[in-house]
Amino acid sequence: MTPGSSSSPVAAGPPVAPRTQQAPTAPGRLGEASPAAELFTYLAALEEWLRARRTELDRLDAAAQAAASPETYTADLLLAMTLWQAARTRADEMAVVWDSGRADTVAREKISQLIWGRLSSPDGSSLVSLVEATRLCDAIVAALRTRLSFDPNAADEVARFRGLRAELARCDELAGSDTSARGRVEKLRERWTRLRDKASHGADVTGPLTELEAEVARTERDLIVGASERRELARDRKQAVERYAALEAREPSLRELAARARREIAAPPRLAVPDVSRLGEVPHDRSGLDGFLTRLATVARAFDTVESAYTAPLRERAELRYRLDAYRVKADANGRSSSPTVRSGLAEAREAGEAVPCDVVLLRFLVEQYQFLSRDLPAHLSSPGPSPAPGQEGSSR
C-alpha cells in the first residue's frame, strides 16, 4: 500500500478545502527510524497536502494573471511553486524508499533523513528541509491568498483569527532564543489581541486583519529561512572547529617528521610547516566563517604537501636498504658474493645507507651498481667449456 492511495486514512475521509489544508506534522527526527504507522500516516497526509496545495497554487496563479499588476505576485508565486516542486520530488524519493510499506529499520531511518535533511535543489529551497519547505509554502500561499482576496472563507473572522493564532504559535517556536525575532512576534501578537478585542465589540476589522495576515505570513517565512540559515551556520562552525582541532593535532607530528628528515637526509626539502594558531579564533558570522573554512582548506593542502615532501626521501632510503639486502641474498645464492668486487660494492652501498645524513641520490646509484654486480652471470662465463683435442686446433682452417 502506498501513501496517497484510495485506501489511505487521509484519502478515505471527506475532502478538505484548500484554505484549511496545512502541511502535516512530520514524525520522528533526524537520525532515528520513525515507526511505520506514523510514517504511513505522514506520507499519506503529505500526498493530500501536495494535491491540495498544487490546486490552490494553480488558482492563485490564474487570479494573479487576471490582476491589474500581475508582476507584483510573480516572485512569491515562483518561490511557492519552487518549494512545492522540491517537496514533490522529495515525496517521490520517500515513496521509493517506503516501497509500499515494506521499508525496514534502515529504510525508515533513511526516510527520516529525507524528511528532516536539507532539500537537494539548485535554488533557495536547498537551504531548508522538507518540513520547513512545506510550512514556508503554506505561509507564502496564505500571504498570496490575502493579497489577492482569494480566500473563500475571508468573511469568517473567527476562522481567520484562529489561523493567525496558529501561525503566531509557529513563529514563536521558530524564533527560539532570538531576542529580536521574539520581539517582532510579540508585536504581532499584540496587534492580533487588539483586533480580536475590537472585533468582539462589533468593529469592522477586515482591512487591518488582512494586513496582519500578510505581515504574519511574511514573518513566518523570514523566520523559517533565518532558522535554517542559523542551523547551517552552527553546523559549518562545528565542522570548522573540528577541522581546526584536527590540524592542530597533526601539526606536531609534521614538525617532528620535518626535523627527522633534515637530520637524517642530505639535501632535504625546504618546506615550512604552517602554524595553525595563526588562523585565530573560529568566527561566528557567515562571511568570516566562509573565509576561515577556505584558509583551513589551504592549510590542510599545505600539510599534505609537507608530509609528502618529507616522507618521500625517508621512504626511498628504507626501500633502497631493503633492496640491498635482497640483492645480497641473491649474490650469496649465485656465488657472486665471493667476488672481492661484489663484496666491495656491498660494503660501499651499506656505508652510504647507514650514513647520517644519508645522500639518497648516491645510495640509489650504489644500490643499482650492486644490483648489476650481483646479477647471475651467463653460463659460458660461470663454467669453462671443454678444451679442444690435439690436432683439431687448425681443422677449421
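Residues numbered from 1 in each chain as written. Predicted model: local features only at pLDDT ≥ 70, side-chain atom pairs only at ≥ 80, totals over all residues. Heavy atoms only, no water.

**Digging into the confidence of the model for the protein chain**
Filter applied, for reference: Per-residue confidence from the prediction method is given by pLDDT, with values spanning 0 to 100. Contacts are assigned to residue pairs with any non-hydrogen atoms lying within 4.5 Å of each other.
Per-residue pLDDT for the protein chain averages 83, and the proportion of residues at 70 or more is 86%. Residue range residues 392-397 is modelled with pLDDT below 50. Its contacts to residues more than four positions away, or to other chains, number zero contacts.

**What about the nonpolar core?**
Using the following cut-off: Grouping buried Ala, Val, Leu, Ile, Met, Phe, Trp, Tyr and Cys residues that are joined through side-chain atoms within 4.5 Å yields what is termed a nonpolar core. Accessibility here uses a 1.4 Å probe with only protein chains present; expressed as a share of the type maximum, an area under 20% marks a residue as buried, one over 50% as exposed, and anything in between as partly exposed. Numbering of helices and strands runs from the N terminus; a helix is a DSSP stretch of H or I covering at least four residues, while a strand is a stretch of E covering at least two.
Residues L46, W49, M94 and I115 are the most contacted members of the largest nonpolar core, which totals 56 residues. When residues of this core are traced back to their parent elements, those giving at least two are α2 (36-66), α3 (71-98), α4 (105-116), α5 (130-147), α6 (157-175), α7 (179-200) and α8 (206-264). Residues contacting W49, with those up to four places away along its chain left out, are Q21, Q22, A23, P24, W84, A87, T134, C137 and D138. In terms of nonpolar packing, the next biggest core, distinct from the first, is built from 36 residues, A240, L247, V276 and L363 among them.

**Some words on the pattern of salt bridges**
What counts, and what does not: The salt bridge criterion pairs a side-chain nitrogen of Lys or Arg with a carboxyl oxygen of Asp or Glu, the two atoms within 4 Å.
Considering all chains together, one arrives at 33 salt bridges under this definition. As a salt-bridge pair, E215 and R218 come within 2.6 Å of each other at their nearest N and O atoms. Within this pair, E215 and its partner R218 are both found in helix α8, separated by three residues, close to a single helical turn. Each of D76, R184, E215, R218, R221 and D222 takes part in salt bridges that share partners, so that together they form one network.

**Considerations on α3**
Which entries qualify depends on this criterion: Working rule for helices: expected span equals 1.5 Å times residues minus one.
Its 28 residues place the ends of α3 40 Å apart at the C-alpha level, agreeing with the 40 Å of an ideal helix rising 1.5 Å per residue. Positive phi appears at D99, one or two residues downstream of α3, with a value of about 55°.

**A word on unusual backbone geometry**
Cis peptide bonds are those with omega within 30 degrees of zero, and the linkage from V356 to P357 qualifies with 0°. Mapped onto the elements, P357 comes out in the loop between α10 (340-354) and α11 (360-373). Not every positive phi belongs to a glycine, and S100 is a case in point at roughly 55°. Locating S100 in the fold gives a position in the loop between α3 and α4. You can call S100 partly exposed: its relative accessible area is 26%. Phi angles above zero are rare outside glycine, and A267 is one such case at about 55°. Relative to the assigned elements, A267 resides in the loop between α8 and α9 (286-334).

**Considerations on the packing of aromatic side chains**
Note the threshold: Stacked, edge-to-face and tilted are the three classes for Phe, Tyr and Trp ring pairs, Trp counted by its six-membered ring, which pair at centre distances within 6.5 Å; planes under 30 degrees apart are stacked, over 60 edge-to-face, the rest tilted. Definition used: whenever NZ (Lys) or CZ (Arg) falls within 6 Å of the ring centre and also within 35 degrees of the ring normal, the charge is taken to sit over that ring.
Overall, the coordinates contain two aromatic pairs when judged by the stated rule. Aromatic pair F161 and W192: ring centres 6.1 Å apart, planes at 75°, arrangement edge-to-face. Of this pair, F161 sits in helix α6 while W192 sits in helix α7, placing them 31 residues apart in sequence. The exposure classification of F161 matches that of W192, with both residues buried. Lying across the ring of W84, R54 places its NZ or CZ 4.9 Å from the centre. Over the face of the ring belonging to F372 we find R375, whose NZ or CZ atom lies 4.0 Å from the ring centre.

**Considerations on the environment of C137**
Tracing the backbone shows C137 in helix α5. The exposure class assigned to C137 is buried, which follows from its relative accessible area of 0%. Linking C137 and L57, residues 80 residues apart in sequence, is a C-alpha distance of 9.9 Å.

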